[in-house]
Amino acid sequence: MSLIPDDVIEQVREAADIVGIIGEHVELKRTGTDFRAPCPFHGGTHRNFAVIPKKGMFYCFVCHEGGDVFTFFMKKLGMDYPTAVREVARRVGIAIPERGPTGPDPREPLYEAVASAADWFARQLRESPEAQVARDYLASRHLELEIVLPLGLGYAPRSKAFLDAMKGLGVREEVLLEAGLLVKREDGTLLPRFRGRLLFPIHDLRTRVVAFGGRILGEGEPKYLNSPDSPVFHKGKLLYNLHVAKHAMRTAERAILVEGYFDVLRLALAGIEEVVAPLGTGLTPDQAQLLARHAPAVTLLYDSDDAGLRASFRAGDELLRQGLRVSVATLPPGEDPDTLVQKQGAAGLEAILKDAVDPLERKIQILDRKAFFASLPGRRRALDRLLPTVRAAKDPITRELYISRAAEAAGVRKDVLEREAGMRDAGSGVRPTDPTHPASRISHPVLPASAEKALLLLLLEGEPWKSRVVEAVDAEELEFAAYRAVFEAVADDAVLALDDTSARAYEQLKGEGLGGRDPNEMYALAVSWMEARRLERQLQQLDDQLPFESPERQASLIAEKRRVFDELRKRYPRYKIAARRRGAPGT
């Protein structure tokens, strides 16, 4: 069966009237902002079944069936996912364009395994005597079980009961291993990855559970443990709660970025729904791109201690590189978003969000408070801290304002600071002194930059290469402005809208063609290079983070850096050789 593009699925989900569709099968009555009815799944006469239009979901407080409008058709009428999407699309008048390969998705067993695990973990939290520790812990944080159950929270017992349960459901051990739900010891024995933990389900943009984040209850390390990367889950490419928050983000025209799972839960339950969190690491470029697709502005709401401030500024720079408007909210000392909302409610938090300031301005405030600008050496050190944020600003107006403000604060001439910043030509990724011809830096066929050219040459070959390239790479990953413009124009069938520079690049690429080269080999090499570059960016991010962390945290980051580099070396040995010649990490 052909794949349905993700953006079309989102369009159908947003257009669907979930109350009207479910109302065709049960008699719904309004209760506040929600609608209630007897449950169509387990029967009964009490109105325990809720449809929540604000969140686009349904949930039964007795049998605990829940999901979105597509899930309803799947559970009620026995449809598979693509059929459910097409049925809802038919009702809302949206045509489904077909694309991609045919046949079943080879990752489907993994999705089913994680979904089965999510249901089992949720049932343990509700019913298991051992899960009383988790229920007590939630109560200690003033979170009622009936409120968090619709959010899919679960509990992983310390025993091997999970493994036995999955066997009983017919889920194979090798699938559980690949999904990251089991770990294999050196002696070959299998154990559940999550034991004695409160679990938070992590969803992809199609609302499928693909992973878990687990908080230890009682003694043990680490405090939080996430699922490992798998074919259905990449930690640096998803955000917790984005599957729900994206709708509110578009409406509010902002996103709120917090650090932890509980911060997200507390804000969402208080009615501030445009809130997301990274998955236990610093914000990655892929996560920043996700935010840029759904909101024009992001407010960072991290803890106000030193670690929180460092994380805020790192995330702020990553968001500025995506051209987003960024602000930093300052919490009172000793508070985090969870505790503040408990004490002051949504109104108290909104007051703090209203007072959020630009990240560069926040840096200047902190440096001024610490008297950095009171001496010449201090001003130099202050500029060293301000310049990364100045350089990160992709928006030319923001960059100009940053240079002026930093020069004013440090008492230096603006033109001197511009030279010191080494500002890049707006959005191009090329310094003004660099060659400007699009092909001048992409001549050798095995250098990383040539991957962009190879992908564009394939894109211009038409189908099926166009679909394959668009599926594998996002336009934002192309560093050269003219190539990025060509990529977007060809993907959107809008070549006539290209400016002069990009049009010349388009004509040059069109005239060059594949030149007898093997397209399969070109595609494999180019995609490998793009993936390798993503890994290299992770290494650079870890390098940038290391100097600012405690010794204990540095040890953890060094281990993570070693893991990323080993993956880079293992998966792309040719890249390793070329990268070392260029002085890349790992030299």
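Residues numbered from 1 in each chain as written. Predicted model: local features only at pLDDT ≥ 70, side-chain atom pairs only at ≥ 80, totals over all residues. Heavy atoms only, no water.

Engineer: Would you explain the overall build of the protein chain in this entry?
Structural biologist: Helix and strand counts for the protein chain come out as 25 helices and 15 strands. Burial analysis of the protein chain (587 residues in total) assigns 47% to the buried set. A total accessible area of about 27,900 Å² is found for the protein chain, and carbon and sulfur atoms account for 51% of it. (Helix = DSSP H or I, 4+ residues; strand = E, 2+ residues; numbered from the N terminus. Buried < 20%, exposed > 50% of the residue type's maximum accessible area, 1.4 Å probe, protein only. Areas by Shrake-Rupley, 256 points an atom, 1.4 Å probe, with all protein chains shown as cover.)

Engineer: How should I be thinking about unusual backbone geometry in this particular structure?
Structural biologist: Among all residues except glycine, the phi angle is most often negative; among peptide bonds, the trans geometry is most common. Residue Pro-222 is reached from Glu-221 by a cis peptide bond, and omega for that bond is -5°. By the element assignment, Pro-222 lies in the loop between strand E10 (209-216) and strand E11 (224-226). For the bond running from Glu-463 to Pro-464, omega is 0°, close enough to zero to count as cis. With respect to the element layout, Pro-464 can be found in the loop between helix H19 (450-459) and helix H20 (465-472).

Engineer: Would you mind showing me how to read the environment of Ala-84 here?
Structural biologist: When you line up the elements, Ala-84 lands in helix H4 (residues 81-92). Ala-84 gets classed as buried once you look at its relative accessible area, which sits at 0%. It is 7.7 Å that separates the C-alpha atoms of Ala-84 and Thr-71, two residues lying 13 residues apart in sequence. Ignoring anything within four residues of it in the chain, the contact list for Ala-84 reads Phe-70, Phe-73, Met-74 and Met-79. (Contact = heavy atoms within 4.5 Å.)

Engineer: How should I be thinking about the side chain of Gln-287 in this particular structure?
Structural biologist: Assignment of secondary structure puts Gln-287 in helix H12 (residues 285-294). A polar contact of 2.9 Å, which involves the side chain of Gln-287, links it to the backbone oxygen of Leu-238. Once residues within four sequence positions are removed from consideration, Gln-287 is found in contact with Lys-235, Gly-236, Lys-237, Leu-238, Leu-239, Pro-278, Leu-279 and Gly-282. (Polar contact = N/O pair within 3.5 Å; in protein donor to acceptor, adjacent residues only side chain to side chain.)

Engineer: Explanation requested: the state of the cysteines in the structure shown.
Structural biologist: Among covalent bonds in proteins, the disulfide is the one between the sulfur atoms of two cysteines. The full count for this structure, using the stated rule, is 0 disulfides. No disulfide involves Cys-60; its nearest neighbouring cysteine sulfur is the one of Cys-63, lying 3.6 Å away. (Disulfide = S-S within 2.5 Å.)

Engineer: Explain helix H21 (residues 481-491) here, please?
Structural biologist: An α-helical turn contains 3.6 residues, so a residue and the one three or four places further along point in the same direction. Among all positions of H21, only Ala-482, Tyr-483, Arg-484, Val-486, Phe-487, Ala-489 and Val-490 are buried. Backbone geometry just after H21 places Asp-493 at a positive phi near 55°.

Engineer: What should I look at first to understand helix H13 (residues 306-320) in this one?
Structural biologist: Over its 15 residues, H13 runs 21 Å from end to end, which matches the ideal 21 Å to within 8%, given 1.5 Å per residue. Counted residue by residue, H13 has 11 buried out of 15 residues, so it is predominantly covered. (Expected span 1.5 Å × (residues − 1).)

Engineer: So what exactly am I meant to see when it comes to the sheet that holds strand E12 (residues 255-257) here?
Structural biologist: Within a sheet, neighbouring strands are paired by backbone hydrogen bonds and run either parallel or antiparallel to one another. Pairing within the open sheet is parallel, and its 4 strands lie in the order E13-E12-E14-E15. The sheet terminates laterally at strand E13 (275-276) and strand E15 (325-328), the two strands that pair on one side only. Where strand E14 (residues 297-300) meets E15, 4 bridges bridge the pair, whose relative direction is parallel. Counted as the bridge partner of Val-298 is Val-326 from E15. (Pairing = 2+ DSSP bridges.)

Engineer: Explain the packing of H19 against helix H23 (residues 519-545) here, please?
Structural biologist: Angle between the axes and distance between the axes: these two values describe a pair of packed helices. H23 packs onto H19 with a crossing angle of 135° between their chain directions and a minimal axis gap of 9 Å. Considering the angle they form, H19 stands oblique to H23. The element H19 and its partner H23 pack so that their crossing is left-handed. Between H19 and H23, the residues in contact are Ala-451, Glu-452, Ala-454, Leu-455, Leu-457 and Leu-458 and Pro-519, Met-522, Tyr-523, Ala-526, Val-527, Trp-529, Met-530 and Arg-533, respectively. Looking at the contact of H19 with H23 residue by residue, the classes come out as 12 nonpolar, no polar and 2 charged. (Axes fitted to C-alpha atoms, helices over the stretch in contact; angles between N-to-C directions. Parallel < 35°, antiparallel > 145°, perpendicular 65-115°, else oblique. Left-handed = near helix turned anticlockwise from the far one by under 90°. Nonpolar A, V, L, I, M, F, W, Y, C, P; charged D, E, K, R; others polar.)

Engineer: So what exactly am I meant to see when it comes to the side chain of His-203 here?
Structural biologist: You can see His-203 is positioned in strand E9 (residues 197-203). Residue class for His-203 comes out buried when judged on its relative accessible area of 14%. At a separation of 3.4 Å, a polar atom in the side chain of His-203 contacts the side chain of His-243. What His-203 contacts, discounting residues up to four positions off in sequence, is Arg-208, Val-209, Val-210, Leu-238 and His-243.

Engineer: Just to check I follow, could you spell out a positive patch on the surface for this structure?
Structural biologist: A cluster of like positive charges, contributed by Arg-158, Lys-160, Arg-185 and Arg-195, occupies part of the molecular surface. Its relative accessible area of 44% is what places Lys-160 among the partly exposed residues. (Patch = residues over 30% accessible without salt bridge, like charges linked within 9 Å, V, L, I, M, F, W, Y side chains within 5 Å. Salt bridge = Lys/Arg side-chain N within 4 Å of Asp/Glu carboxyl O. Lys, Arg positive; Asp, Glu negative; His and termini not counted. Charge placed at Lys NZ, Arg CZ, Asp CG, Glu CD.)

Engineer: Looking at this structure, I do not really get the pairing of strand E3 (residues 49-52). What am I missing?
Structural biologist: Here E3 shows no split at all, with Phe-49 and Val-51 on one side and Ala-50 and Ile-52 on the other all buried. Here strand E2 (residues 34-37) pairs with E3 via 3 bridges, running antiparallel. Paired with Phe-35 across the two strands is Val-51, which belongs to E3. Across 4 bridges, E3 lies against strand E4 (residues 57-60) in antiparallel orientation. Following the sheet pairing, Ile-52 is matched in E4 by Met-57. The hairpin formed by E3 and E4 contains 4 residues between the paired strands, and Gly-56 there has a positive phi angle of roughly 65°.

Engineer: Help me understand the packing of aromatic side chains, please; the structure alone is not making it clear to me.
Structural biologist: The way to describe two aromatic rings as a pair is by their centre distance and the angle between their planes. Overall, the coordinates contain 20 aromatic pairs when judged by the stated rule. Between Phe-200 and Tyr-261, the aromatic rings sit 4.8 Å apart at their centres with planes inclined by 15°, giving stacked as the arrangement. You can see Phe-200 sitting in strand E9 and its partner Tyr-261 sitting in helix H11 (residues 261-269), a full 61 residues away along the chain. Tyr-261 sits in the buried class, given a relative accessible area of 6%. An aromatic cluster is built from Tyr-137, Phe-200, Tyr-224, Tyr-240, Tyr-261 and Phe-262, whose rings are joined through pairwise contacts. When the ring centre of Phe-262 is taken as reference, the NZ or CZ atom of Arg-141 above it lies at 3.9 Å. (Phe/Tyr/Trp six-rings, centres within 6.5 Å; stacked < 30°, edge-to-face > 60°. Lys NZ or Arg CZ within 6 Å of the ring centre and 35° of its normal.)

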